[in-house]
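Structure assessment
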Amino acid sequence: MAASASSTILFSSKSSRASLSWKNQLASTSALGISGVSLRRSSSHRQFVVFSMDAKPTVLVAEKLGEAGLNLLKEFANVDCSYNLSPEELCTKISLCDALIVRSGTKVSREIFESSGGRLKVVGRAGVGIDNVDLAAATEHGCLVVNAPTANTVAAAEHGIALLTAMARNIAQADASVKAGKWLRNKYVGVSLVGKTLAVMGFGKVGSEVARRAKGLGMHVIAHDPYAPADRARAIGVELVSFDEALASADFISLHMPLTPATKKILNDETFAKMKKGVRIVNVARGGVIDEEALVRALDAGIVAQAALDVFTVEPPPKDSKLIQHDNVTATPHLGASTMEAQEGVAIEVAEAVVGALKGELSATAVNAPMVPAEVLSELKPYVVLAEKLGRLAVQLVAGGSGVKSVKVTYGSARAPDDLDTRLLRAMITKGLIEPISSVFINLVNADFTAKQRGLRIAEERILLDGSPESPVEFIQVQIANVESKFASAISDSGEIRVEGRVKDGVPHLTKVGSFEVDVSLEGSIILCSQVDQPGMIGKVGSVLGEENVNVSFMSVGRIAPRKQAVMAIGVDEQPSKESLKRIGEIPAIQEFVYLKL
């Protein structure tokens, strides 16, 4: 048997940035058939190599893709366009493929990855959302998942404006009336957009493009997004406000937030009650951000005058849906990205990402974690958890409306800089900072790109400590500058929100909040209380939680001096009710408190 070309992807953790290179080598006869990962190690240099024996990979395109994208794929790979495959047919075919490209209609389940037998290296999602891809299974099977997050931005923004204007002037209802032979001019009197306040909820790519266009229509535009850079908003002429202020001020609300646990059903009975009577709502983001039953109630009560919806919790929605059939609702079948230009752009973007990944290049649109040598993961595992949780704690301490722009991370370590690669730790801090309020999945590949894209500057500092370099890191400190805090005691003497943590017996601990020393395990969730230091405080708070059967896992008090100000950190296994938290806040000696969910 003749020798054939093999492909090698080399990952090096020696440099400060990831380095992936594609090298063609002549494989010896004994190397044929080898597939997998091998690890080479020296004291300061770790590598792992992935071998693939096919000179030309095969890409399965399971849903229709624009011609420009297909042509790009065909220059590099064998392309199999097989549409409308059943799950069983896809499982059968996938073992012959190195990459799979789908849209939203194909579910890439764990069974798909298991059926691939390890050959599937990349899944490309032609669009933004990756709800139909099992990311955990992809990562477990060493498969990179990439998407196309930018190509449909303008199309989605234009559709949002189209729904806004059509709703304001009753276009859909009037059209249906005329086609039914009626001429009801008085019934379909609309409202003007000029001078009205539009609240853009989520000021990312699409939200900012909607804001630009709304400004051109003469609207006053405000926005809520805890991550939006204030300078970018000012450049467009948009005022960043808190969530409640946006709801209370808006004549029109346009939703552009991702669907995350924090935003699921964020528009509900409680939030509708905070809105102006007669508000009008547009949603071209994700259906799940609205409680649809609550929206029907708000429409019936006149709190919401009209709604224009392109997305729904279940798609397609049931034919007898009260929301769809409501006279004051305009509905379209998820057309946000459905322009010819956007479809071609998405096709090119996902094709470039898939080809780049197959070549072993770093992908800025990767949405799951790359493979990391087991020994490196084993050593860093508790510090990785610590890093992410410190990021989550820090961002939750930022007051609503404050844009996070500058973050400083300090590592205390006895190891030499060349023997401590902080890329994974920095990525996990970025993950903790961004993921709670975003649909982006952060990992080693895309962390720096995503932070830069959002105007988030992360500076790193290392403090060289005396002692044994047996542990990679002694402590990690995260500071967020130029923001307001919902918990004033978290502000350090130099004016930044500061949290610090260590790993103790393999468990991440929070060890500093602001200038106060504490010691609480980062498990479950945390209540921070600023208080006057006096006897009985632990018992009073513990009694409130105990009455509700909330289990306290850790409790620690840090203070300036006896009988002066102190900060109490309480680890809890369950989420206390609003009533219990209110009772804690009413304890006379407690000056402020905050509940932080990990």
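Everything below is about the structure shown above.
So, a few notes on the structure that sits alongside this text. (Residues numbered from 1 in each chain as written. Predicted model: local features only at pLDDT ≥ 70, side-chain atom pairs only at ≥ 80, totals over all residues. Heavy atoms only, no water.)

1. A closer look at the sheet that holds strand β7 (residues 99-102)
For clarity, the cut-off: Two strands are counted as paired when DSSP detects at least two bridges linking them. Runs of H or I in DSSP of at least four residues are treated as helices and runs of E of at least two as strands, each being numbered from the N terminus. Lines are fitted to the C-alpha atoms to define the axes, a helix being fitted only along its stretch in contact, and any angle between axes, read from their N-to-C directions, falls within 0 to 180 degrees. Only heavy atoms matter for contacts: two residues are in contact if any of them lie within 4.5 Å across the pair.
The strand order across the open sheet formed by five strands is β6-β5-β7-β8-β9, and the pairing between neighbours is parallel. What marks the edges here is a single partner per strand, and that holds for β6 (78-81) and β9 (144-147). Pairwise comparison of adjacent strand axes, ignoring direction, gives a mean angle of 20° for this sheet. In the packing of helix α1 (residues 67-74) onto the sheet, contacts are made with β5 (58-61), β6 and β7, and the angle to β6 comes to roughly 140°. The sheet strands contacting helix α13 (residues 340-358) are β5, β7, β8 (122-125) and β9, and the helix crosses β8 at an angle near 170°.

2. Some points on the packing of helix α17 (residues 537-547) against helix α18 (residues 578-585)
Where we set the bar: Angles below 35 degrees are treated as roughly parallel, those above 145 as roughly antiparallel, those between 65 and 115 as roughly perpendicular, and all remaining angles as oblique. Crossings are assigned a handedness: left-handed for a near helix turned anticlockwise from the far helix by less than a right angle, right-handed for a clockwise turn. For this classification, Asp, Glu, Lys and Arg are treated as charged, while Ala, Val, Leu, Ile, Met, Phe, Trp, Tyr, Cys and Pro are nonpolar and the rest, including Gly, are polar.
Their axes nearest at 10 Å, the elements α17 and α18 cross at an angle of 165°. What the angle tells us is that α17 and α18 run roughly antiparallel. Here the hand of the crossing between α17 and α18 comes out right-handed. Between α17, through Val541, Val544, Leu545 and Glu547, and α18, the contact on the second element is made entirely by Ser580, Arg583 and Ile584. Each residue belonging to the contact of α17 with α18 can be placed in one class, and the counts come to four nonpolar, one polar and two charged.

3. What about the side chain of serine 521?
Definition in use: Burial status follows relative accessibility: with a 1.4 Å probe on protein chains alone, a residue under 20% of its type maximum counts as buried, one over 50% as exposed, and anything between as partly exposed. Pairing of N or O atoms within 3.5 Å defines a polar contact, subject to two protein rules: one partner must be a possible hydrogen donor and the other a possible acceptor, and residues neighboring in sequence count only if both atoms are side-chain atoms.
By the element assignment, serine 521 lies in strand β22 (residues 516-521). Here serine 521 falls in the buried class, since its relative accessible area comes to 0%. Of note is the side chain of serine 521, whose polar atom sits 2.8 Å from the side chain of glutamate 523.

4. Some thoughts on helix α11 (residues 292-301)
Since the α-helix packs 3.6 residues into each turn, any two residues three or four apart lie on the same face. Ala294, Leu295, Val296, Ala298 and Leu299 are the residues of α11 that are buried. Turning to α11, the residues buried within the fold contact α10 (269-272), β15 (304-309), α12 (322-325) and β16 (329-331). The N-cap residue of α11 is aspartate 291: its side-chain oxygen and the backbone nitrogen of glutamate 293 are 3.2 Å apart. Remark: glycine 302 follows α11 within two positions and exhibits a positive phi of approximately 85°.

5. So, the pattern of salt bridges
Which entries qualify depends on this criterion: For this analysis, a salt bridge means a side-chain nitrogen from Lys or Arg found within 4 Å of a carboxyl oxygen belonging to Asp or Glu.
Evaluated as defined, the whole model comprises 19 salt bridges. Of the charged contacts in the structure, one is a salt bridge between aspartate 98 and arginine 119, with a shortest N-O distance of 3.2 Å. Taken together, the positions of aspartate 98 in the loop between α2 (87-93) and β7 and arginine 119 in the loop between α3 (110-115) and β8 put the pair 21 residues apart, joining distant regions of the chain. The exposure class of aspartate 98 is buried, given its relative accessible area of 5%. Overall, the relative accessible area of 24% leaves arginine 119 in the partly exposed class. Lysine 578 is the partner of glutamate 270 in a salt bridge, and the nearest nitrogen-oxygen pair spans 3.7 Å. Pair noted here: glutamate 270 is in helix α10 and lysine 578 is in helix α18, with a separation of 308 residues, a long-range link. According to the relative accessible area criterion, glutamate 270 is partly exposed, its value standing at 47%. Among the charged side chains, a salt-bridge network with shared partners connects Glu388, Arg392, Lys431 and Glu435.

6. So, unusual backbone geometry
Here the amide bond leading from glutamate 315 into proline 316 is cis, since omega sits at -5°, within 30 degrees of zero. Checked against the element boundaries, proline 316 lands in the loop between β15 and α12. Although it is not a glycine, lysine 265 sits at a positive phi angle of roughly 50°. Among the secondary structure elements, lysine 265 is positioned in the loop between β13 (252-255) and α10. According to the relative accessible area criterion, lysine 265 is partly exposed, its value standing at 42%. Backbone geometry at histidine 334 places phi at a positive 55°, although glycine is not the residue there. Mapped onto the elements, histidine 334 comes out in the loop between β16 and α13.

7. Points about the environment of alanine 294
Looking at the secondary structure, you find alanine 294 in helix α11. Residue alanine 294 is classed as buried on the basis of its relative accessible area of 0%. Distance in space between the C-alpha atoms of alanine 294 and glutamate 270 is 9.1 Å, their sequence separation being 24 residues. With near-sequence residues (within four places) excluded, alanine 294 lies in contact with Asn268, Asp269 and Phe272.

8. Here we look at the nonpolar core
Formally: Throughout, nonpolar core names a set of buried Ala, Val, Leu, Ile, Met, Phe, Trp, Tyr and Cys residues whose side chains join them through atoms within 4.5 Å. In this entry, domain limits derive from an automatic or database-based domain assignment.
Leu397, Leu433, Ile476, Ile480, Leu510 and Leu528 are the most contacted members of the largest nonpolar core, which totals 50 residues. Element by element, the count of residues in this core is highest for helix α14 (residues 374-396), at nine residues. Counting only domains with at least three residues in this core, you end up with domain 3 (372-514) and domain 4 (522-597). Every residue in contact with leucine 528, bar those within four places of it in the chain, is listed here: Leu397, Phe487, Val513, Met568, Ala569, Glu592, Phe593, Val594 and Leu596. Listed in part, the 30 residues of the second largest apolar core include Val241, Ala250, Leu255 and Ile266.

9. Brief notes about the sheet that holds strand β25 (residues 565-572)
With respect to topology, four strands assemble into an open sheet ordered β24-β25-β23-β26, the strand pairing being antiparallel. Strand pairing shows two members of the sheet lacking a second neighbour, β24 (552-559) and β26 (590-597), which therefore form its edges. Shown here is a sheet whose adjacent strand axes are inclined to one another by a mean of 15°, direction ignored. Taken together, the seven bridges between strand β23 (residues 525-532) and β26 define a ladder with antiparallel strand orientation. Paired with glutamine 531 across the bridge in β26 is isoleucine 590. Against the sheet, α17 contacts β23, β24, β25 and β26, and its axis sits at roughly 30° relative to β25. Contacts from α18 reach β23 and β26, with the element oriented near 150° to β26.

10. Topic: the packing of helix α5 (residues 153-168) against helix α7 (residues 205-216)
For the pair α5 and α7, the least separation of the axes is 8 Å and the interaxial angle reads 50°. As judged from the angle between their axes, α5 and α7 are oblique. Handedness of the α5/α7 crossing: right-handed. Here Thr153, Val154, Ala156, Ala157, Glu158 and Ile161 of α5 come into contact with α7, specifically with Lys205, Val206, Glu209, Val210, Arg213 and Ala214.

11. A closer look at the side chain of asparagine 147
Looking at the secondary structure, you find asparagine 147 in strand β9. Among the polar contacts made by the side chain of asparagine 147, one reaches the main-chain carbonyl oxygen of valine 128 at a distance of 2.9 Å. Here asparagine 147 is in contact with Arg125, Gly127, Val128, Ile130, Ala353, Thr365 and Val367, once residues within four sequence places are set aside.

12. Looking at the pairing of β7
Rules: Orient the strands so they point away from the viewer, and a crossover whose first-strand-to-second-strand path over the helix runs clockwise is right-handed.
By the alternation rule, side chains of β7 split into Ala99 and Ile101 and Leu100 and Val102, which are all buried. Bridging between β5 and β7 involves three bridges; their strand directions are parallel. Paired with leucine 60 across the two strands is leucine 100, which belongs to β7. In terms of strand pairing, β7 meets β8 through four bridges, oriented parallel. Its bridge partner lying in β8, valine 102 is registered against arginine 125. On the question of chirality, the crossover connecting β7 to the parallel β8 by way of α3 is right-handed.

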